[in-house]
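# Structural description and commentary
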Amino acid sequence: MVEHSSEGKPEVHESAPEPRWYVVRVASNREERVRDNLLAQVKSSGMESRILNVLVPTEKVSEIKSGKRKVVQRKLFPGYILVEMALDEESWYLVRGTSGIGDFVGGDSQPVPMEPHEVKKILGGMEETEDKPKLDIQFHLGDRVKIKEGPFENFSGVVDEVNPQKGLVRVIVLIFGRETPVEMEYWQLEPV
């Protein structure tokens, strides 16, 4: 069990703490560099048995730019990394003393570990996108869009439904004075 002194440092008790996942604030857009710095510190100090894993949670997203499909990595939580560690005074100091690290997310002075279901959801989501990237559909119900390709090219309409699993967007367009639903692939549309 970890308790904190009046200075906000973890106090160690006789029993070895159980490894848990913690969220740590870092400088935005420097997550990978901070992760690498922390892993180097862990290795040089021989604390691999107490600081087990350092992750920058990402997901693979399929984007269409200039008519070409591209799969990119997108950070799930910009400005944060996840650290799996047995929290004690020494491991806490090592993490906090690493360049680029802000503070642990949690209570006033005590880091709060993530709940097991939260960890499972994040890690499961990362594995899921490795197999099949998510589609990056930027349209929402009620958005005004213009069709830029296909038989309804240059028609404008309103988004009626978005199907992210299939990458389809249903748009209501005015054809011969009647509102008509048209299903389009998301990359065939642009915001108005």
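Placed above this text is the structure.
Keep in mind that what you see is a predicted model, and the values were worked out from it rather than measured.

With that out of the way, let us pick up the pattern of salt bridges. Evaluated as defined, the whole model comprises 9 salt bridges. Here Glu31 and Lys75 are joined by a salt bridge, their closest N and O atoms 3.4 Å apart. One end of the pair, Glu31, is in helix H1 (residues 31-45); the other, Lys75, is in strand S6 (residues 68-75), and 44 residues separate them in sequence. Looking at Glu31, the relative accessible area reads 0%, which means it is buried. Among the salt bridges present, the one from Asp36 reaches Arg35, with a minimum N-O distance of 3.3 Å. On the accessibility criterion, Arg35 (23% relative accessible area) is partly exposed. Connected through shared salt-bridge partners, Glu31, Glu32 and Lys75 make up one network.

As enumerated under the stated definition, the model contains 3 aromatic pairs in all. Ring geometry for Trp92 against Tyr93: centres 5.1 Å apart, planes inclined by 70°, an arrangement best described as edge-to-face. Look at Tyr93 and you get partly exposed, because its relative accessible area is 41%. With centroids separated by 5.9 Å and ring planes inclined at 85°, the aromatic side chains of Phe152 and Phe155 adopt a geometry described as edge-to-face. Using a relative accessible area of 30% as the deciding quantity, one classes Phe155 as partly exposed.

The subject of this paragraph is unusual backbone geometry. Unlike most non-glycine residues, Asn29 shows phi in positive territory, near 70°. Structurally, the position occupied by Asn29 is in the loop between strand S3 (20-26) and H1.

On to the nonpolar core. Leu38, Ile51, Ile81, Val83, Met85 and Val95 are the most contacted members of the largest nonpolar core, which has 19 residues in total. Counting only elements with at least two residues in this core, the list comes to S3, H1, strand S4 (51-55), strand S7 (80-85), helix H2 (89-96) and strand S8 (101-104). The residues touching Met85, leaving out its near neighbours within four places in the chain, are Glu18, Pro19, Arg20, Tyr22, Arg50, Ile51, Ser91, Trp92, Val95 and Phe104. By size, the runner-up hydrophobic cluster in this structure holds 13 residues, among which are Val145, Val171, Val182 and Met184.

What follows is about H1. Under the 1.5 Å per step criterion, the end-to-end length of H1 is 21 Å for 15 residues, consistent within 8% with the ideal 21 Å. If you follow the buried residues of H1, they end up packed against S3, S4, S6, S7, H2 and S8.

Let us look at the sheet that holds S7. Pairing within the open sheet is antiparallel, and its 4 strands lie in the order S4-S7-S3-S8. Both edges of this open sheet fall to S4 and S8, since each of them pairs with a single strand only. For this sheet the average axis-to-axis angle between neighbouring strands, irrespective of direction, equals 30°. Looking at chain direction, S4 and S7 are connected through 4 bridges and run antiparallel. The residue bridging Leu55 from the neighbouring strand is Leu82, located in S7. Along the sheet, H1 contacts S3, S4, S7 and S8; its crossing angle with S7, the most-contacted strand, is approximately 25°. Contacts between H2 and the sheet are confined to S3, S4, S7 and S8, with S8 contributing the most and set at about 140° to the helix.

Reading the values: the criteria
- Residues numbered from 1 in each chain as written.
- Predicted model: local features only at pLDDT ≥ 70, side-chain atom pairs only at ≥ 80, totals over all residues.
- Heavy atoms only, no water.
- Salt bridge = Lys/Arg side-chain N within 4 Å of Asp/Glu carboxyl O.
- Helix = DSSP H or I, 4+ residues; strand = E, 2+ residues; numbered from the N terminus.
- Buried < 20%, exposed > 50% of the residue type's maximum accessible area, 1.4 Å probe, protein only.
- Phe/Tyr/Trp six-rings, centres within 6.5 Å; stacked < 30°, edge-to-face > 60°.
- Core = buried A, V, L, I, M, F, W, Y, C linked by side-chain atoms within 4.5 Å.
- Contact = heavy atoms within 4.5 Å.
- Expected span 1.5 Å × (residues − 1).
- Pairing = 2+ DSSP bridges.
- Axes fitted to C-alpha atoms, helices over the stretch in contact; angles between N-to-C directions.

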